[in-house]
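# Survey of secondary and tertiary structure
The lines below spell out each chain.
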Amino acid sequence: MTSGRASDDSPHASPSVWLPRLAHALDRLETEYRQLALMGEAQSAMISAVDGDGLLSQLAKRQVIVDRIEAINREIEPFCRRWNELGAAVPESSRAPLRARFEEIGRLVASISQRDDEDRRRLEKMRGEIATEVGSVQRGRGALNAYAPKAEPTRPLFQDQHG
């Protein structure tokens, strides 16, 4: 007999089964986001120091963490999708700490996003300044070439006068 409710052998049947899994996933998620935040500080310093090689290396390391975050998010997605149903079975004394964890993770994400946006704006500004400098150098070269003495056409050194 099936009803709209999860069966007793479902991993979502009892909070005592799935709640520790969710809590552990949130622990890992928060750890990864904290690591990402620390890496963001280093990234900002590299941008300030115009350390392109270091920045590229840092971005590659960040991608590894982002990949782990995506995997954890896939793991908790079923819980989030069914939270209205699942959360109703959790006592408020357990729901409140979960809510606080999600809020803390949300603050971390917002902080990381804000720093990344600031870093992106700084990089775009630097790119624009470099493009302006390159354009000035090219215009300068063009001006030099315009006023440089013209080379005389080369004349053959040897001519065949017998033919």
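Remember, predicted model here, so these are calculated numbers, not experimental data. (Residues numbered from 1 in each chain as written. Predicted model: local features only at pLDDT ≥ 70, side-chain atom pairs only at ≥ 80, totals over all residues. Heavy atoms only, no water.)

## Observations concerning the packing of aromatic side chains
Going through the model one piece at a time under the given rule, you end up with two aromatic pairs. Ring centres of tryptophan 18 and tryptophan 83 lie 6.0 Å apart, and the angle between their planes is 85°; this geometry places the pair in the edge-to-face category. Of this pair, tryptophan 18 sits in helix H1 (residues 15-48) while tryptophan 83 sits in helix H3 (residues 83-87), and the two are 65 residues apart along the sequence. In this structure tryptophan 18 comes out as buried when scored by relative accessible area, which is 1%. Residue classification places tryptophan 83 among the partly exposed residues on the basis of a relative accessible area of 25%. Within the aromatic cluster, the residues linked to one another by ring pairs are Trp18, Phe79 and Trp83. (Phe/Tyr/Trp six-rings, centres within 6.5 Å; stacked < 30°, edge-to-face > 60°. Helix = DSSP H or I, 4+ residues; strand = E, 2+ residues; numbered from the N terminus. Buried < 20%, exposed > 50% of the residue type's maximum accessible area, 1.4 Å probe, protein only.)

## Observations concerning the confidence of the model for the protein chain
In the predicted model, the protein chain carries a mean pLDDT of 84, and 78% of its residues have values of at least 70. Helix H2 (residues 52-81) holds the highest mean pLDDT among the elements of the protein chain, 94, whereas helix H4 (residues 92-147) holds the lowest, 85. (pLDDT = per-residue confidence, 0-100.)

## Concerning H2
Across its 30 residues, H2 extends 41 Å between first and last C-alpha, which sits within 8% of the 44 Å expected from 1.5 Å per residue. If you look at H2, its biggest bend is around 35°, right at glutamate 75, and the proline proline 78 turns up within four residues after that. Every buried residue of H2 is accounted for by Gly54, Leu55, Gln58, Arg62, Ile65, Ile69, Ile72, Ile76 and Phe79. (Expected span 1.5 Å × (residues − 1). Bend = angle between axes of the 7 residues up to and from the residue.)

## Focus: the environment of serine 14
On the secondary structure map, serine 14 appears in the segment before H1. As for serine 14 and alanine 89, which are separated by 75 residues in sequence, their C-alpha atoms are 7.8 Å apart. A polar contact of 2.8 Å, which involves the side chain of serine 14, links it to the side chain of serine 16. (Polar contact = N/O pair within 3.5 Å; in protein donor to acceptor, adjacent residues only side chain to side chain.)

## Some thoughts on the nonpolar core
Within soluble globular proteins, side chains that are nonpolar generally end up buried alongside one another. If you look at the biggest cluster of nonpolar residues, it comprises 21 residues, and the most contacted ones within it are Trp18, Leu22, Leu26, Leu29, Tyr33 and Ile76. Taken together, the elements giving at least two residues each to this core come down to H1, H2 and H4. Broken down by element, this core gets its largest block of residues, ten residues, from H1. Those residues in contact with isoleucine 76 that sit more than four places away from it in its chain are Leu22, Ala25, Leu26, Leu29 and Phe102. (Core = buried A, V, L, I, M, F, W, Y, C linked by side-chain atoms within 4.5 Å. Contact = heavy atoms within 4.5 Å.)

## Considering the side chain of glutamate 32
With respect to the element layout, glutamate 32 can be found in helix H1. A residue is classified by how much of its surface remains accessible, and glutamate 32, at 13% relative accessible area, is buried.

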